[in-house]
Amino acid sequence: MINSINSVLFKQMLFGADKMLQNNKKVVDALNVFPVPDGDTGTNMSLTMASVITEIKAIPNDEMPEIAKALSRGALNGARGNSGVILSQILKGIAEGLSSKKVVNSKDFALAMKIGTEIAYSAITKPKEGTILTVIRLMTEYAISITKNRKMDIDIFFEKILAKGEEVLNKTPDMLPVLKKAGVVDAGGKGLLCIFQGMYEILVGNEIPDVVENDDISTAFEELTQDEEMELGDIKFMYCTEFFITNIYPKVTEADIDKLRDLFLTIGDCVIVIGDLQLVKVHIHTNNPDKALKAALLLGELDKIKIDNMVHQNQAIKKKKEEQNAIQEHKTNGLIAIGAGDGIAKIFRDFNANYIVQGGQTMNPSVEDILAAIKRVNADNVFILPNNKNIILASEQAKALAECNVYVIPTKEIPQGIAVALAYNPEDTPENNNKKMNRELDKITCGQITHAVRNTSIDGFDVKVGDFIGLDDKKIIAKATDIKQATIDTVGKLIDEDSELITLYYGAEVKEEDAAKMADAIEEKFPDLEVTFYNGGQPHYYYLIGIE
């Protein structure tokens, strides 16, 4: 039995919470209501916790006030997405409740949870039940009730509130119809329980195992070949060389593949040779790509050859970073847009955006990222276009911490953000800009085309893995086995009698000629509407659609 926890143990419990959440982030991501390839609740919550751990590791001692301060600061600065922001408020409250304690008993922890719950609810304008808020609230109410009139060992306390949390989590589909339709529990609530479970495991002396991701060979290759920025003096081998070996000759054995890998180790580094006798993927940094290609040709045919000069790449990266990190000349008004894709960034820059924060679905920027952008813009008045409903809360949090006037225009989609940016005038007063930009919010209808990553029944559709699906800002509105039909059906659901212009922003996986064909097909189907298309370069979504 464990009566209480001291500051050293609490610090270790936070490490355990982080590890448990990191281990389960893909499980939490998979609970995304829509079967789209960008569920990010687990990622956002784990990045928020990672920021906490970074702050805690930097404190000079293990005193509770310092740990609490680091917990609160790390959570607030690292908060990403709605789930991360709500989690940051819960952790902020727990930190506030424990900051003055030398040792913490079960009643102390219950009261700290109560503060966290109250702060989290106060941060949300319209709290929705059946979410992480419900899970923490009902866990807290139970925690208060079981510690009100009696002492309880804190390990027993954690066992009981975890059981209550699981009970509440399993009921979230009954509280929120969208969860029931998708056949999942609330992702944020699941992430929260991972945090409490991690704390409990360390509390009772259990080791939390490392989880090895079982990604397929293609994903592993993609992750391993993401070359980090290096100092120019560190680049020993100049050319990043990648290719596939296909149609492998019948005489080739797996031993020959191993020999190829050994040869590559003598002419370069960062060597990856993975695959089998059907297909081999190769990645190597070398000064002699010709030797690598010549050796590989002895095994089979080469395909998708890519050779990049890393010296030139790094020079370009450094120049871009220097430009991004520089404090701009002071101005009266500044505009920040958040989005992913080089094409999207270029469009916003053309429309007077002073700074582009890279982010969107899957990778929501943190409060700290947005706050840094505000500082670099260096204006008396800064307007922020979140362009994603999951980034609005983090933007509001950054606004509260900023030292200048910040206006968060609550754009939820990229096409909506572009329309709002058109109304921005850097020479106008902030009051006029705020009014004009907010007036544009409801003048454009938005849609998205992506593909399903799991089987589900939702919004009246039986969706299968690989189906192309169309979404509006709330639900799936179209499904088809080919992208053309899905896009035309989606447009048909979004237009009305007042619609005049359709704009397509095509993603990283779409070729320009295919986007042109799609625009022609839509124009043929809806001849009264004008259709234009632009390169967005966004990940995951084949098309972002704006209708005016």
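Structure: above.
All figures in this text were calculated on a predicted structure; none of them were measured in a lab.

### Brief notes about a positive patch on the surface
Side chains of Lys128, Lys389, Lys412 and Lys474 sit close together on the surface and give a patch of like positive charge. Along the polypeptide, lysine 474 turns up in the loop between strand 14 (468-471) and strand 15 (476-480).

### Some words on the sheet that holds strand 7 (residues 331-339)
Judged by pairing direction, the sheet is parallel, and its four strands sit side by side in the order 8-7-9-10 without closing on themselves. With one partner strand each, in any of the chains shown, strand 8 (355-358) and strand 10 (405-408) form the two edges of the open sheet. Neighbour-to-neighbour, the strand axes of the sheet open up by a mean angle of 20 degrees, direction not taken into account. Inspection of the sheet shows strand 9 (residues 379-385) paired to strand 10 by four bridges, in the parallel sense. By the bridge assignment, phenylalanine 383 is partnered in strand 10 with tyrosine 407. Packing of helix 14 (residues 342-350) onto the sheet brings it into contact with strand 7, strand 8 and strand 9, and relative to strand 8 it is tilted by some 155 degrees.

### Structural notes on the sheet that holds strand 5 (residues 280-286)
An order of 4-5-3-6 is seen for the four strands of this open sheet, with the pairing classed as antiparallel. Pairing within the sheet leaves two strands with one partner each, and these edge strands are strand 4 (268-275) and strand 6 (301-309). Ignoring strand direction, the axes of neighbouring strands in this sheet form an average angle of 10 degrees. Two elements, strand 3 (residues 239-246) and strand 6, share seven bridges in a ladder whose sense is antiparallel. If you follow glutamate 242 over to strand 6, its bridge partner there is lysine 306. Across the face of the sheet, helix 12 (residues 289-296) comes into contact with strand 3, strand 5 and strand 6 while running at roughly 10 degrees to strand 3.

### Some thoughts on the nonpolar core
In this structure, Phe109, Phe157, Phe158, Phe196 and Ile374 are the most contacted members of the largest nonpolar core, which totals 94 residues. Here the element with the most residues in this core is helix 9 (residues 187-203); it accounts for nine residues. The residues touching phenylalanine 157, leaving out its near neighbours within four places in the chain, are Ser106, Phe109, Ala110, Met113, Ala143, Ile146, Thr147 and Met152. The next biggest cluster of nonpolar side chains, apart from the first, holds 24 residues, and it includes Ile449, Ala521, Ile545 and Ile547.

### Notes on the packing of aromatic side chains
Evaluation of the coordinates by the stated rule reveals ten aromatic pairs. Where phenylalanine 383 meets tyrosine 407, the ring centres are 4.8 Å apart and the plane angle is 15 degrees; that geometry is what we call stacked. Here phenylalanine 383 is found in strand 9, whereas its partner tyrosine 407 is found in strand 10, with 24 residues between them in sequence. Take phenylalanine 383: its relative accessible area is 0%, and that puts it in the buried class. A centroid spacing of 6.1 Å and a plane angle of 25 degrees characterise the contact between tyrosine 505 and tyrosine 534, whose relative ring orientation is stacked. With tyrosine 505 in strand 16 (residues 501-506) and tyrosine 534 in strand 17 (residues 530-535), the pair connects residues that are 29 residues apart, well separated along the chain.

### Let's talk about helix 20 (residues 512-525)
With 14 residues, helix 20 should cover 20 Å at 1.5 Å per step; its first-to-last C-alpha distance of 20 Å lies within 8% of that length. If you check which residues of helix 20 are buried, you get Ala515, Met518, Ala519, Ala521 and Ile522. Buried residues of helix 20, seen end-on, are gathered within an arc of 160 degrees and therefore sit on one face of the element. In helix 20, those exposed residues whose orientation departs by more than 90 degrees from the buried face are Lys517 and Glu524. Looking at the buried side of helix 20, the elements it contacts are helix 19 (483-494), strand 16, strand 17 and strand 18 (543-547).

### Observations concerning helix 6 (residues 132-147)
Taking 1.5 Å of rise per residue, the 16 residues of helix 6 would be expected to cover 22 Å, and the 23 Å separating its terminal C-alpha atoms lies within 8% of that figure. Those residues of helix 6 that sit buried are Ile132, Leu133, Thr134, Val135, Ile136, Met139, Thr140, Ala143, Ile146 and Thr147. Contacts made by the buried residues of helix 6 are with helix 2 (41-57), helix 4 (81-98), helix 5 (106-123), helix 7 (154-175) and helix 9.

### What about the packing of helix 6 against helix 9?
Direction vectors running N to C along helix 6 and helix 9 enclose 45 degrees, while the axes themselves pass 7 Å from each other. Relative to helix 9, the element helix 6 lies oblique. Across from Ile132, Val135, Ile136 and Met139 in helix 6, the residues of helix 9 making contact are Gly188, Gly189, Leu192, Leu193 and Phe196. The residue makeup of the contact of helix 6 with helix 9, split by class, is seven nonpolar, two polar and no charged.

### Notes on the packing of helix 2 against helix 3 (residues 64-78)
Relative orientation of the contacting elements helix 2 and helix 3 amounts to 140 degrees, with a least axis distance of 7 Å. Between helix 2 and helix 3, the crossing angle belongs to the class labelled oblique. Crossing hand, helix 2 versus helix 3: right-handed. Contacts from Leu47, Thr48, Ser51, Val52, Glu55 and Ile56 of helix 2 reach helix 3 at Ala70, Leu71, Arg73, Gly74, Ala75, Asn77 and Gly78.

Scoring rules and cut-offs
Residues numbered from 1 in each chain as written. Predicted model: local features only at pLDDT ≥ 70, side-chain atom pairs only at ≥ 80, totals over all residues. Heavy atoms only, no water. Patch = residues over 30% accessible without salt bridge, like charges linked within 9 Å, V, L, I, M, F, W, Y side chains within 5 Å. Areas by Shrake-Rupley, 256 points an atom, 1.4 Å probe, with all protein chains shown as cover. Salt bridge = Lys/Arg side-chain N within 4 Å of Asp/Glu carboxyl O. Lys, Arg positive; Asp, Glu negative; His and termini not counted. Charge placed at Lys NZ, Arg CZ, Asp CG, Glu CD. Helix = DSSP H or I, 4+ residues; strand = E, 2+ residues; numbered from the N terminus. Pairing = 2+ DSSP bridges. Axes fitted to C-alpha atoms, helices over the stretch in contact; angles between N-to-C directions. Contact = heavy atoms within 4.5 Å. Core = buried A, V, L, I, M, F, W, Y, C linked by side-chain atoms within 4.5 Å. Buried < 20%, exposed > 50% of the residue type's maximum accessible area, 1.4 Å probe, protein only. Phe/Tyr/Trp six-rings, centres within 6.5 Å; stacked < 30°, edge-to-face > 60°. Expected span 1.5 Å × (residues − 1). Arc of directions from axis to C-beta. Parallel < 35°, antiparallel > 145°, perpendicular 65-115°, else oblique. Nonpolar A, V, L, I, M, F, W, Y, C, P; charged D, E, K, R; others polar. Left-handed = near helix turned anticlockwise from the far one by under 90°.

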